[in-house]
Amino acid sequence: MRRMLRSLGSVLLVLCGTGRAADVIVGTAIAPPGQRATGYLQVPAGSDAAANIPVIVINGAKSGPTLALVAGSHGTEYASIVALQKLAQSVDPAAVSGALIVVPLVNLASFAQKVPHLNPVDGKNMNRFFPGKPDGTQTERASWAIAKQVVEKCDYLIDLHGGDLDENLRRYSYWADTGKESLDATSRALVLAFGLDHIIIQDYRPGGPNAKPVPGAMSLSRYAEEIGKPAVVAEAGHAGTTNSEDVDALIQGCLSVMRHLQMLVGKPASVDHPLWIGHITVLTSEQDGVFYPLASPEAYVKQGMRIGYVTDYFGNRVWDAVAPVSGVIIYIGALPSMSKGNTVAYIGEIAETPDLPK
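Predicted model, so just to flag it, every value in this text is computed and none were measured.

Enquirer: Just checking my understanding: could you explain the environment of glutamate 225 for this structure?
Expert: In this fold, glutamate 225 is placed in helix 6 (residues 220–226). Counting along the chain gives 151 residues from glutamate 225 to histidine 74, while the straight-line C-alpha distance between them is 21 Å. In contact with glutamate 225, other than residues within four places in its own chain, are Ala176, Thr178, Lys180, Leu183, Ser187, Pro230 and Ala231.

Enquirer: Mind showing me how you'd approach the packing of helix 2 (residues 78–90) against helix 7 (residues 244–260) here?
Expert: The axes of two packed helices give the description: the angle between them and the distance between them. At a minimum axis distance of 8 Å, the contact between helix 2 and helix 7 shows a crossing angle of 50°. When the axes of helix 2 and helix 7 are compared, the pair comes out oblique. When the axes of helix 2 and helix 7 are compared, the crossing they make is right-handed. Contacts between helix 2 and helix 7 involve Ala79, Ser80, Val82, Ala83, Lys86 and Leu87 from the former and Asp246, Val247, Leu250, Ile251, Cys254 and Leu255 from the latter. Along the lines of polarity and charge, the residues of the contact of helix 2 with helix 7 split into nine nonpolar, one polar and two charged.

Enquirer: Can you walk me through the sheet that holds strand 16 (residues 317–322) in this structure?
Expert: Strand pairing in a sheet is mediated by backbone hydrogen bonds. Such pairs are either parallel or antiparallel. The strand order 16-15-13-18 describes an open sheet built from four strands, whose pairing is antiparallel. Unpaired on one side and paired on the other, strand 16 and strand 18 (337–338) mark the two borders of the sheet. Relative to strand 15 (residues 306–311), strand 13 (residues 289–293) is paired through four bridges, and the arrangement is antiparallel. When the bridges of strand 15 are listed, tyrosine 292 appears paired with tyrosine 309.

Enquirer: Just to check I follow, could you spell out helix 5 (residues 181–194) for this structure?
Expert: One turn of an α-helix holds 3.6 residues; hence residues three or four places apart share an orientation. If you check helix 5, its first and last C-alpha atoms are 20 Å apart, about what 14 residues at 1.5 Å a residue would give, namely 20 Å. Within the sequence span of helix 5, burial applies to Leu183, Asp184, Ser187, Arg188, Leu190, Val191, Ala193 and Phe194. Glycine 195, located one to two residues past helix 5, shows a positive phi value of around 100°.

Enquirer: Help me understand the packing of aromatic side chains in this model?
Expert: The geometry of an aromatic ring pair comes down to the distance between the two centres and the angle between the two planes. Within the structure shown, the criterion is met by five aromatic pairs. Relative to phenylalanine 111, the ring of tyrosine 78 lies with its centre 5.8 Å away and its plane at 80°, an arrangement referred to as edge-to-face. Note that tyrosine 78 is positioned in helix 2 and phenylalanine 111 in helix 3 (residues 108–113), a separation of 33 residues in sequence. Of the residues examined, tyrosine 78 reaches a relative accessible area of 16% and is grouped as buried.

Enquirer: Teacher, can you tell me more about the state of the cysteines here?
Expert: Two cysteines, two sulfur atoms, one covalent bond between them: this is a disulfide. Tallied over the full model, the rule gives zero disulfides. Sulfur of cysteine 254: no disulfide; nearest cysteine sulfur belongs to cysteine 154 and is 13 Å away. You can call cysteine 254 buried: its relative accessible area is 1%.

Enquirer: Teacher, can you tell me more about the packing of helix 5 against helix 7 here?
Expert: In the contact formed by helix 5 and helix 7, the axes pass within 7 Å of each other and the chain directions differ by 135°. The angle between the axes of helix 5 and helix 7 places the two elements in the oblique class. You can see that helix 5 and helix 7 cross each other, and the crossing is right-handed. When helix 5 is examined against helix 7, the residues Ala189, Leu190, Ala193 and Phe194 are found in contact with a partner set consisting of Ala249, Leu250, Gly253, Cys254, Ser256, Val257 and His260.

Enquirer: Would you take a moment to explain the nonpolar core for this structure?
Expert: Soluble globular proteins: nonpolar side chains tend toward being buried together. Leu67, Leu69, Leu100, Ile158, Leu160 and Phe194 are the most contacted members of the largest nonpolar core, which has 39 residues in total. At seven residues, the largest contribution of residues to this core is made by helix 7. Within the second largest apolar cluster, 32 residues are counted, among which are Leu41, Met126, Leu220 and Ala231.

Enquirer: Explanation requested: the pattern of salt bridges in the structure shown.
Expert: With the rule as written, the count across this model stands at twelve salt bridges. Note that aspartate 203 and arginine 205 form a salt bridge whose closest N and O atoms lie 2.9 Å from each other. For arginine 317, the salt bridge identified is with aspartate 320, shortest N-O distance 3.8 Å. For aspartate 320, a relative accessible area of 33% translates into the label partly exposed. A single network of salt bridges, built from pairs that share partners, joins Lys124, Lys133 and Glu140.

Enquirer: Please clarify how the side chain of asparagine 119 should be interpreted in this entry.
Expert: Here asparagine 119 lies in the loop between helix 3 and helix 4 (138–151). Aside from chain neighbours lying at most four places away, what touches asparagine 119 is Asn107, Ala109, Lys124, Met126, Gln138 and Thr139.

Enquirer: Would you explain the side chain of threonine 139 in this entry?
Expert: Position of threonine 139 among the secondary structure elements: in helix 4. Residue threonine 139 is classed as buried on the basis of its relative accessible area of 0%.

About the criteria used
- Residues numbered from 1 in each chain as written.
- Predicted model: local features only at pLDDT ≥ 70, side-chain atom pairs only at ≥ 80, totals over all residues.
- Heavy atoms only, no water.
- Helix = DSSP H or I, 4+ residues; strand = E, 2+ residues; numbered from the N terminus.
- Contact = heavy atoms within 4.5 Å.
- Axes fitted to C-alpha atoms, helices over the stretch in contact; angles between N-to-C directions.
- Parallel < 35°, antiparallel > 145°, perpendicular 65-115°, else oblique.
- Left-handed = near helix turned anticlockwise from the far one by under 90°.
- Nonpolar A, V, L, I, M, F, W, Y, C, P; charged D, E, K, R; others polar.
- Pairing = 2+ DSSP bridges.
- Expected span 1.5 Å × (residues − 1).
- Buried < 20%, exposed > 50% of the residue type's maximum accessible area, 1.4 Å probe, protein only.
- Phe/Tyr/Trp six-rings, centres within 6.5 Å; stacked < 30°, edge-to-face > 60°.
- Disulfide = S-S within 2.5 Å.
- Core = buried A, V, L, I, M, F, W, Y, C linked by side-chain atoms within 4.5 Å.
- Salt bridge = Lys/Arg side-chain N within 4 Å of Asp/Glu carboxyl O.

Shown next as structure tokens:
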């Protein structure tokens, strides 16, 4: 009997300790080890319409971490959506150690109706209501489904964005400084592995300006960090375009992170000396009218420099867009359409390389 128990224990150890013996289930997608599956995160109807958010699960043939890749919270940030479609099609499950959860398009109504920034079903930003709630509007119910089915099931998360219809931006990523030593070290390694050379620091440290998130009003990445999941946000693309260079930058960044996590063989293409940006100043328009930019993304500007102007509908200049600080333009308005209060530009102030706690 003792020999039989010892043998049974060995079998259980083999099943649990080597290989990926279990299916990975996300929404209606069920992927056995070494296979890919597609399905939906089903968001039931409530005070407004139901939604079926597409999800792709790639269950590797070998054991490893689970990485979630999400895009399309803003459905006209097309470069990020196309990048995840292409990546999910190209990754071979047999070559993966661990599992990928890929959600290429969160905001289906925005995508279908070509509405930037918001979910036209309820007028809410689908990257501002995490972890959501099961009885809220569609945005909140979708956020709840993603929180439960994606964020809570992954070990690491990458949230992809890109230039929306009215945004002309350069490629950059975000790193969250939470003041939690282990979490910050891990997420910093992820953002460096992603490989973009401009990194914006989000200050979430205790006592900092953004120390206390409002429950139910967080971004996807901040919610992940709040529950201890290292996360990266990356942006590429401009004005709704899907230029191959931008799409490829997002694909290669995700693959590089997978190599860093030893989910794929090979060496990550990490960035060694990124430009760290410590604070973003937002310049908004003081007039309605037609916007003419005079500067482009990545341009360095000095405080007081004119970076654009607005005319009335007859072509008469009515307002100058003047840089309120010195720094680098992260993005500037891409369209002539301009309303009072609309964002004209993000200007990033250069920071020292952040130190991690010893």
